[in-house]
Amino acid sequence: MAALEEALARRARVLVDLGSGDGRVLVIAAKYFGLRAIGYEIDEDLCVLAEANAEENGVSDLVEVRCESFYNADLSSADIVYAYLYSSILDSLKPVFRTAPRFARITVLDLAIPGWYPVRIRRLLDEAGVMRSVAVYFRGVSDSPVKSLAHLQPSTTSFPR
């Protein structure tokens, strides 16, 4: 939930979760923030589970699970894009991220989008007491090359723990 709070979810309408798994982020987005939540997941069993989780939590009217590759994701209406994926996959998703509207918030957990500059980074303890890093990137800002910021280039593809 803190990752969505960092992404300013209360000022959003649509969240897209890339690799949505069992749908927990979709349910949180819909249930606690009132967002229309769209998930992309290629595992058919997880798609069924995500839909069942949305139904069980009474938010199936706000949650849509698309059982297809996130490389085909339609981000044109996304205010927030959530991705908990390896940095190498985040790197390969840059062309997809760039289809999101300008100033859409791309929120990642624990890892960085290589070559992009987060607007916000917050470290927090999760429910299990594990220290996590939440980074929020703004499309059209974080992905814009700025020579004067070159010295800020991340040296690794993860955030300090």
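Whatever comes next refers back to the structure up there.
In this text the structure is predicted, and so the values were computed from the model without any measurement.

In the structure shown here, the tally under the stated rule is 3 aromatic pairs. Note on Trp-116 and Tyr-137: the rings are 6.3 Å apart at their centroids and 65° apart in plane angle, and the pair reads as edge-to-face. Taken as a pair, Trp-116 in the loop between β5 (105–109) and β6 (120–125) and Tyr-137 in strand β7 (residues 131–138) lie far apart in primary sequence, 21 residues in all. In this structure, Trp-116 and Tyr-137 share a single accessibility class: buried.

Turning to helix α3 (residues 44–56), a few remarks are in order. Over its 13 residues, α3 extends 18 Å from the first C-alpha to the last, a length consistent with the 18 Å expected when each residue adds 1.5 Å. Of the positions making up α3, those classed as buried are Cys-47, Ala-50 and Ala-54. Summarising the axial view, the buried residues of α3 lie within an arc of 60°, below the 170-degree limit, and thus occupy one face. Those residues of α3 that are exposed and angled more than 90 degrees off the buried face are Asp-45, Val-48, Glu-55 and Glu-56.

On to the nonpolar core. With 26 residues, the main nonpolar core has Val-16, Leu-18, Leu-75, Leu-90, Phe-97 and Tyr-137 as its most contacted residues. Elements represented by at least two residues in this core include exactly β1 (14–18), β2 (36–40), β4 (80–83), α5 (94–97), β5 and β7. For this core, the element with the most residues is β1, which contributes 3 residues. Sequence-distant contacts of Leu-75, defined by excluding residues within four places in its chain, comprise Val-16, Leu-18, Val-81, Val-96, Phe-97, Thr-99, Ala-100 and Pro-101.

This brings us to the pairing of β2. Across the 5 residues that make up β2, a large majority, 4, are buried. Across 5 bridges, the pairing between β1 and β2 is parallel. Within the sheet, the bridge partner assigned to Val-16 lies in β2 and is Ile-38. Once you follow β1 into helix α2 (residues 24–33) and on to β2, the crossover reads as right-handed. As paired strands, β2 and strand β3 (residues 63–66) are joined by 4 bridges and run parallel to one another. Among the inter-strand pairings, Gly-39 is bridged to a residue of β3, identified as Val-65. Between the parallel elements β2 and β3, the chain passes through α3 in a crossover that is right-handed.

We now examine a nonpolar patch on the surface. Where nonpolar side chains cluster on the molecular surface, the patch consists of Phe-103, Val-119 and Val-141 and spans about 250 Å² of accessible area. Positionally, Phe-103 belongs in the loop between α5 and β5.

Before going further, it helps to examine the pattern of salt bridges. Here the structure, examined in full by the defined rule, presents 8 salt bridges. Residue Glu-64 pairs with Arg-36 through a salt bridge whose shortest N-O separation is 3.6 Å. Separated by 28 residues along the polypeptide, Glu-64 in strand β3 and Arg-36 in strand β2 bring together distant segments of the chain. Counted as one network, the salt bridges with shared partners bring together Arg-36, Glu-64 and Arg-66.

Further remarks concern the pairing of β7. Counting buried positions over the 8 residues of β7 gives 7, a clear majority of the element. The pairing of β6 with β7 spans 6 bridges and is classified as antiparallel. Bridge assignment links Leu-125 to a residue of β7, and that residue is Met-131. Counting the residues in the hairpin turn of β6 and β7 gives 5 residues, including Gly-129, whose phi is positive at 85°.

Take the environment of Ala-112 next. Within the secondary structure, Ala-112 sits in the loop between β5 and β6. With relative accessibility at 1%, the residue Ala-112 sits in the buried group. Put simply, Ala-112 and Val-134 are 22 residues apart on the chain and 9.3 Å apart in space, counted from C-alpha to C-alpha.

Rules of the game
- Residues numbered from 1 in each chain as written.
- Predicted model: local features only at pLDDT ≥ 70, side-chain atom pairs only at ≥ 80, totals over all residues.
- Heavy atoms only, no water.
- Phe/Tyr/Trp six-rings, centres within 6.5 Å; stacked < 30°, edge-to-face > 60°.
- Helix = DSSP H or I, 4+ residues; strand = E, 2+ residues; numbered from the N terminus.
- Buried < 20%, exposed > 50% of the residue type's maximum accessible area, 1.4 Å probe, protein only.
- Expected span 1.5 Å × (residues − 1).
- Arc of directions from axis to C-beta.
- Core = buried A, V, L, I, M, F, W, Y, C linked by side-chain atoms within 4.5 Å.
- Contact = heavy atoms within 4.5 Å.
- Pairing = 2+ DSSP bridges.
- Right-handed = clockwise from strand over helix to strand, strands pointing away.
- Patch = residues over 30% accessible without salt bridge, like charges linked within 9 Å, V, L, I, M, F, W, Y side chains within 5 Å.
- Areas by Shrake-Rupley, 256 points an atom, 1.4 Å probe, with all protein chains shown as cover.
- Salt bridge = Lys/Arg side-chain N within 4 Å of Asp/Glu carboxyl O.

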